[in-house]
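# Residue-level structure breakdown
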Amino acid sequence: MQVISLEDSRVMMLDQTLLPGEERVIVCEDTECIAEAIESLRIRGAPALGIAAAFAMAQTALKSRGKPREEVLQRLRETHARIKATRPTAVNLHAALDRVMKSAEESQDAAEAAVREAMRIYEEEQEASRRLCEHGAGLIKDGDVILTHCNTGALATATLGTALGVIVTAWRQGKKLRVFADETRPLLQGARLTAWELVKAGIPVTVIADGSAGYVMRTQGVTKVIVGADRIAMNGDTANKIGTYSLAVLAREHGAEFYIAAPLSTVDPGIESGEEIPVERRSREELEFFNGRRIVPEQAEVLNLAFDVTPAEYITGIITEAGVLRPPYEESLRRALGV
Ligand code: MRU
């Protein structure tokens, strides 16, 4: 499945808002098109957003080749600013923009350096995903009953995945699993995207309403909850799709292990605790309407938080390409990042 690619200076993306009904590729010729795709979640998921941001910079660089260096840098700064303003929580997007900008600024051939750095980000994500899936699959035992949330597979990473990649890898190793996927209101990444990916891979999945997670844990013998991350603070506090925190609290109550699976590119070394993580608020329309039909009275207030932050104390382990990190995360994250 080709989630995103850069061909000449065109960025192609599978439009995730249309799944599972339709597989349509959109072709972006400019920054505005990529920004709109990110804002409307045609492309989404922290690592995939990092790659989309890197490709937006590469596209601008490719279109600016042959121009004076200062002009190339100016155009890259404009792309950087536009893409940075799209979504605040997934750190991969911001880190990728900064990395590409920095390498362009440090090179005499700014355009060439930007393209090279963007491709390096893409390759690093592939390798990190492959390794973290191996480490994560090692945790999974025959008979595990796993609950996951949102979508953390190929669609969210343009690679194998994070939490879902771990599940798929364990399944391919022949482990016998049961998988429950939260539907993930309001945009249904679990029902539409996770279920679609698992069905396509031939892996049985049971979709549940978000509100049933506690009772499913109690009655179906859930042994592990595995989810992804959008930003991890240096103390291990983790931002992920809204509803994740509730799952962590429920997992503790029901004796299930609670794992975060994320590449180290999702760790923000500039943030000490989850309190500093910016949580995206999205439009009220996403909650107000279902299938184009109003389901909330106009007079009601709506709080549409896209993410929440799970305190590190609820997290059994963080599955990364450097291995499964354990508390205290202040130490294990520093060691893994080498800072
Ligand atoms: O709003 P989204 O769909 O971009 O949110 C995505 C998530 O919260 C994922 O769980 C997270 O990015 C991990 S992706 C491997």
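Just above, that's the structure.
Residues numbered from 1 in each chain as written. Predicted model: local features only at pLDDT ≥ 70, side-chain atom pairs only at ≥ 80, totals over all residues. Heavy atoms only, no water.

### Looking at the state of the cysteines
Under the convention used in this document: The disulfide definition used here is simple: a pair of cysteine sulfur atoms within 2.5 Å. Relative accessibility under 20% of the residue-type maximum defines a buried residue, over 50% an exposed one, and the middle range a partly exposed one, all with a 1.4 Å probe and only protein chains included.
Under the defined criterion, the tally for this structure stands at one disulfide. Between C28 and C33 runs a disulfide, and the two sulfur atoms are separated by 2.1 Å. Disulfide C28-C33: torsion about the S-S bond near -65°, hence left-handed. The closest cysteine sulfur to the non-disulfide-bonded C133 is located on C150, 16 Å from its own sulfur. Classification of C133 as buried rests on a relative accessible area of 0%. The class of C150 is buried, set by a relative accessible area of 8%.

### As for the pattern of salt bridges
Inclusion rule: A pairing counts as a salt bridge when a side-chain nitrogen of Lys or Arg comes within 4 Å of a carboxyl oxygen of Asp or Glu. The way it works is that DSSP assigns letters per residue, a run of H or I at least four long becomes a helix, a run of E at least two long becomes a strand, and they are numbered from the N terminus.
For the structure on display, the rule yields 24 salt bridges. A salt bridge links R82 to E39, with the shortest nitrogen-to-oxygen separation between them at 3.2 Å. With R82 in helix α3 (residues 69-84) and E39 in helix α1 (residues 31-39), this residue pair connects regions lying 43 residues apart in the sequence. We classify R82 as partly exposed; its relative accessible area is 23%. Given the relative accessible area of 29%, E39 is considered partly exposed. The residue R282 makes a salt bridge to E286 at a minimum N-O spacing of 2.7 Å. Judged by its relative accessible area of 17%, R282 is buried.

### Overview of the nonpolar core
Soluble globular proteins tend to pack their nonpolar side chains together in the buried interior. The cut-off we apply is this: Throughout, nonpolar core names a set of buried Ala, Val, Leu, Ile, Met, Phe, Trp, Tyr and Cys residues whose side chains join them through atoms within 4.5 Å. Per the annotation, domain bounds derive from an automatic or database assignment of domains. The criterion used for residue contact is that any of the two residues' heavy atoms lie within 4.5 Å.
I4, M13, I43 and I83 are the most contacted members of the largest nonpolar core, which has 49 residues in total. With 13 residues, the top contributor of residues to this core is helix α2 (residues 46-64). If you count residues domain by domain, this core takes at least three from each of domain 1 (4-130) and domain 2 (138-337). Not counting residues up to four positions away in its chain, the partners in contact with I43 are V3, I4, M13, Q16, A37, I38, A48, L49 and A52. V227, M234, A251 and I315 belong to the second largest nonpolar core, which has 29 residues in total.

### Notes on the site of the ligand
Let me state the cut-off plainly: Proximity criterion: a residue is near a molecule or strand once any of its heavy atoms comes within 4 Å of it. What qualifies as a polar contact is a pair of N or O atoms within 3.5 Å, subject to a donor-acceptor requirement within protein and to the restriction that residues adjacent in sequence count only when both atoms come from side chains. Residue exposure ignores everything except the shown protein chains as possible cover, and the areas themselves are Shrake-Rupley values with a 1.4 Å probe.
Around the ligand sit 19 residues, and of these R44, R87, D230, N240 and K241 come closest. Within the backbone of A46, an N or O atom sits 2.9 Å from an oxygen atom of the ligand. Between the ligand and D230 there is a distance of 2.8 Å, counted from an oxygen atom to a side-chain nitrogen or oxygen. For the ligand, whose unbound accessible area comes to 420 Å², protein coverage reaches 100%.

### Concerning the packing of α3 against helix α5 (residues 110-137)
Spelled out, the test is: Helix axes are fitted to C-alpha atoms over the stretch in contact, other axes to C-alpha atoms as well, and angles between N-to-C directions run from 0 to 180 degrees. Orientation categories follow fixed angle ranges, with anything under 35 degrees roughly parallel, anything over 145 roughly antiparallel, 65 to 115 roughly perpendicular, and all other angles oblique. By the convention adopted, Pro, Cys, Tyr, Trp, Phe, Met, Ile, Leu, Val and Ala count as nonpolar, Lys, Arg, Asp and Glu as charged, and the other residues, Gly among them, as polar.
Where α3 meets α5, the closest approach of the two axes is 9 Å, and the angle between their N-to-C directions is 40°. Put simply, α3 runs oblique to α5. Between α3 and α5, the residues in contact are R69, V72, L73 and L76 and A110, A111 and A114, respectively. Here the contact of α3 with α5 is built from residues that sort into six nonpolar, no polar and one charged.

### As for the sheet that holds strand β15 (residues 323-325)
Test applied: Each pair of strands is called paired provided DSSP finds at least two bridges between the two strands.
One open sheet accounts for seven strands, arranged β6-β5-β4-β7-β10-β14-β15; its pairing is mixed. Edge positions in the sheet fall to β6 (206-208) and β15, since each of these pairs with one other strand and no more. Taken pair by pair, the neighbouring strands of this sheet meet at an average axis angle of 25°, ignoring direction. Here strand β7 (residues 224-227) pairs with strand β10 (residues 257-261) via four bridges, running parallel. Across the sheet, the residue bridging to I226 is Y259, located in β10. Each of β4 (145-148), β5 (178-182) and β6 touches helix α8 (residues 189-200); the most contacted strand, β5, lies at about 155° to it.

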